[in-house]
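The chain contents come next:
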Amino acid sequence: QVQLVESGGGLVQAGGSLRLSCAASGITFSSYTMNWYRQAPGKQRDLVAGISIDGSTNYADSVKGRFTISRDSAKNTMYLQMNSLRPEDTAIYYCNARYALIRSYWGQGTQVTVSS
């Protein structure tokens, strides 16, 4: 059974930092591209950052220079370090694991709220 469990969300003031974690089980973690998505109320779910199996990363323009994605294959865990948070970063953040175009799994999400 595949499980992706996010943690680390919460309430923070603008300019603050949070570190999200996504613990994966039931998959061969090192074979999956891992992604963070977010969804604000009334908006679509958007890609925030991704990290491939070789460690290459990509970011949404809105978070470049502020967020850092990483992965630890020994712990089957992905992270998202979020600095200089803004109110517009408020959303539910979802962990996603993708294997090519044939398998995709989602976590349950963790709420991030940034107050102004």
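Heads up: the structure comes first, above all this text.
If you're wondering where the values come from, they're calculated on a predicted model, not measured in any experiment. (Residues numbered from 1 in each chain as written. Predicted model: local features only at pLDDT ≥ 70, side-chain atom pairs only at ≥ 80, totals over all residues. Heavy atoms only, no water.)

Student: Looking at this structure, I do not really get the side chain of Glu 6. What am I missing?
Tutor: Among the secondary structure elements, Glu 6 is positioned in strand β1 (residues 3–7). Within the buried set, Glu 6 has no salt-bridge partner at all; the shortest N-O distance to an opposite charge, 7.5 Å, is to Arg 45. A polar contact is formed between the side chain of Glu 6 and the backbone nitrogen of Cys 95, at a distance of 2.7 Å. Only 2.9 Å separates the side chain of Glu 6 from the backbone nitrogen of Gly 109, close enough to count as a polar contact. Excluding its chain neighbours within four sequence positions, the residues that come into contact with Glu 6 are Ser 21, Cys 22, Trp 36, Tyr 93, Tyr 94, Cys 95, Gly 107, Gln 108, Gly 109 and Thr 110. (Helix = DSSP H or I, 4+ residues; strand = E, 2+ residues; numbered from the N terminus. Buried < 20%, exposed > 50% of the residue type's maximum accessible area, 1.4 Å probe, protein only. Lys, Arg positive; Asp, Glu negative; His and termini not counted. Salt bridge = Lys/Arg side-chain N within 4 Å of Asp/Glu carboxyl O. Polar contact = N/O pair within 3.5 Å; in protein donor to acceptor, adjacent residues only side chain to side chain. Contact = heavy atoms within 4.5 Å.)

Student: Sorry, what's going on with unusual backbone geometry here?
Tutor: Excluding glycine, residues mostly have negative phi values, and the peptide bonds linking residues are mostly trans. For Asn 76, which is not glycine, the phi dihedral falls at a positive 50°. On the secondary structure map, Asn 76 appears in the loop between β7 (67–72) and β8 (77–82). Of note, the phi angle at Ala 100 is positive, near 50°, even though the residue is not glycine. Within the element layout of this structure, Ala 100 appears in the loop between β9 (91–99) and β10 (103–106). Assessed through its relative accessible area of 52%, Ala 100 is described here as exposed.

Student: How should the pairing of β1 be read in this particular structure?
Tutor: Within a regular strand, side chains alternate between the sheet's two faces. Here β1 shows a buried face lined by Leu 4 and Glu 6 and an unburied face lined by Gln 3, Val 5 and Ser 7. The sheet contact formed by β1 and strand β3 (residues 18–25) spans 5 bridges and is antiparallel. Considered in β3, the bridge of Ser 7 is made with Ser 21. (Pairing = 2+ DSSP bridges.)

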